[in-house]
Structures are given as C-alpha cells and as structure tokens.
Amino acid sequence: MLNVIIFGAPGSGKGTQSEKLIEEYGLDHISTGEVLREEIKNNTELGKIAAQYIEKGQLIPDNLIIDILSTILDTKENSKGVIFDGFPRTISQAHALKKMLNERNEQINAVIALEVEDTELIERLLNRGKVSGRSDDNLETIQKRLQVYHSQTAPLIEYYKEENLYNAIEGSGSIDEIFARIKTVIKNL
Ligand code: AMP
C-alpha cells in the first residue's frame, strides 16, 4: 500500500491536492474534517459534539478522532493505499496512527507538506468561505484555526522529519504546478 499523509495548515490545499492524488494513483481518501461535517449534517450524537469544537476552530478531542479513524481504517484493508487528509493533527494522533498501521502490517510512506504563508492562507480561506457554507470559514474562526495549527499541529513537522518521512512542498502556484511537485516526491519513494 502507498500510504500518504497530506499535511499543511487550513487552506494549504490538502483537499484539492488529495483529489488529484486519488485520480492519478487510485488511492482511498480519509478526510477527518469531511467525516465530521457529514456527521453534523446527519445530526448524529457525534456530529453534535464535533460541531461545538469546529465552530470555535478547536480540535475535537484526540480519543474521539482516533476511534473514528481506526473504524474507517478497518474498511480500507484491500486498498491500494490511503491519503490521510487532516489527520494526524497532534503528536498523540501521530503516535496512534503509527500504532494502528503497525498492527495492520502497514506504515506511512511519506508526509507531503504543503507550505503556504499565513497571509495567503487567510485570503484563500476567506474566499472559500464565500462559497463553502462552512461554519468555520470566517475571519475569527480562521485566525483561531491558524493559532491551533501553529501550537498543536506544527510540532508534527519535527516529528516527521525525525522519522525521515517529511517532504516539504512549495504550496503556492497553480494547482497543476503544485501537483507536479508532489508527483516528483511520490516517484522517488
Ligand atoms: P478540516 O476539514 O480538515 O479543515 O477540519 C475541520 C475541523 O474539523 C477542524 O478545524 C477540527 O475542528 C476538526 N478536525 C478535523 N480533523 C481533526 C483531527 N484530526 N483532530 C481534531 N479535530 C479535527
């Protein structure tokens, strides 16, 4: 299996580049944000809990998201590989992912990190907010999400560098230019 983490701040293009990866390599895609938004839409108990965190730009608790991820992973046994989009977002989620994959005789093959300046991220997310209908694409929540990214998620950069999995990608430019950079990394795996 080719298991890839698409990593980056909110608005860095993880969802967009995931679509290109699915098309090119036939990979499965797990976006924890999408899973949670679906739960909210269906008004499930989990959705009700998740909505409270998402609206404030906070992360939902690790134990909750790790359980969700584990359940989804069980359905991907015969997959060519999985793109992890929006997970892990904390060091403890990264540890849990490693353990879950080990237990399934799998591993992460690469972390593809889309690097984009905060000013560009804010501009992109505000533009997305005009059409996305997402409760968290407004200036106040965007700023909170970026703070959460820098304090809780960015420590994963060092973690994955130490694991020799980290690949930095210049995340500005056209969608196709960025995807070409990603393909170069995947070809060299
Ligand atoms: P995303 O669509 O990846 O930007 O995620 C939207 C929101 O869902 C985040 O701001 C968090 O509130 C929540 N969320 C998504 N993935 C995770 C995760 N791995 N851990 C905690 N919260 C998450």
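Look above for the structure.
Novice: Can you walk me through helix α8 (residues 155-162) in this structure?
Specialist: The periodicity of an α-helix, 3.6 residues per turn, causes residues three or four positions apart to be oriented the same way. Where α8 is concerned, the buried positions are Leu156, Ile157, Tyr159 and Tyr160. The buried residues of α8 all sit within an arc of 165° when viewed along its axis, so they share a single face. Buried positions along α8 lie against β1 (4-8), α5 (91-103), β4 (110-115), α7 (139-153) and β5 (166-170). Just downstream of α8, asparagine 164 is the residue with a positive phi angle, here 60°.

Novice: Would you mind going over the layout of surface pockets with me for this structure?
Specialist: To find leftover empty space, one rolls a probe the size of a water molecule over the atoms. A volume near 890 Å³ is recorded for the largest pocket. Listing elements by their share of the lining of the largest pocket, those giving two or more residues are β1, α1 (14-25), α2 (32-41), α6 (118-132), α7 and α9 (175-187). If you tally residues by element for the lining of the largest pocket, the top one is α2, at five residues. Among the residues forming the lining of the largest pocket, the class breakdown is 18 nonpolar, 18 polar and 10 charged. By volume, the second largest pocket is sized at about 240 Å³. What lines the second largest pocket is a set of 18 residues, and nearest its centre among them are Leu114, Glu115, Val116, Glu117 and Tyr149.

Novice: Would you mind going over the packing of α2 against helix α3 (residues 45-56) with me for this structure?
Specialist: Two packed helices can be described by the angle between their axes and the distance between those axes. Running from amino to carboxyl end, α2 crosses α3 at an angle of 120°, the nearest separation of the two axes being 8 Å. Considering how the two elements wind past one another, α2 and α3 form a crossing that is left-handed. Note on element contacts: α3 touches α2 through Leu46, Gly47, Ala50, Ala51 and Ile54, opposite Leu36, Glu39 and Ile40.

Novice: Just to check I follow, could you spell out unusual backbone geometry for this structure?
Specialist: Trans peptide bonds make up most of the peptide bonds, and negative phi angles are found at most residues other than glycine. Note the cis peptide between phenylalanine 87 and proline 88, where omega equals 0°. If you trace the backbone, proline 88 turns up in the loop between β3 (82-85) and α5. For asparagine 105, which is not glycine, the phi torsion reads 55° and is therefore positive. Among the structural elements, asparagine 105 can be located in the loop between α5 and β4. When its relative accessible area of 72% is taken as the criterion, asparagine 105 is described as exposed.

Novice: Looking at this model, I keep getting lost on the site of the ligand. Mind explaining?
Specialist: The environment of the ligand is made up of 16 residues, and the closest members are Thr32, Arg37, Gln58, Gly86 and Gln93. Note that a nitrogen atom of the ligand is positioned 3.0 Å from one of the side-chain N or O atoms of arginine 89. For the ligand, an oxygen atom lies 3.3 Å from a polar atom in the side chain of arginine 134. Among the detected pockets, the ligand sits in the largest pocket. With four residues, α2 is the largest single contributor of residues to the shell around the ligand. Among the residues forming the shell around the ligand, the class breakdown is six nonpolar, five polar and five charged.

Cut-offs used in this document
Residues numbered from 1 in each chain as written. Predicted model: local features only at pLDDT ≥ 70, side-chain atom pairs only at ≥ 80, totals over all residues. Heavy atoms only, no water. Buried < 20%, exposed > 50% of the residue type's maximum accessible area, 1.4 Å probe, protein only. Helix = DSSP H or I, 4+ residues; strand = E, 2+ residues; numbered from the N terminus. Arc of directions from axis to C-beta. Contact = heavy atoms within 4.5 Å. 1 Å grid on protein atoms, 1.4 Å probe; cavity = no way out; pocket = protein on both sides within 12 Å on 5 of 7 lines; lining within 4 Å. Points joined across faces, edges and corners; volume = space filled by probe spheres on them. Nonpolar A, V, L, I, M, F, W, Y, C, P; charged D, E, K, R; others polar. Axes fitted to C-alpha atoms, helices over the stretch in contact; angles between N-to-C directions. Left-handed = near helix turned anticlockwise from the far one by under 90°. Near = heavy atom within 4 Å. Polar contact = N/O pair within 3.5 Å; in protein donor to acceptor, adjacent residues only side chain to side chain. Sits in = over half its atoms within 2 Å of the grid points.

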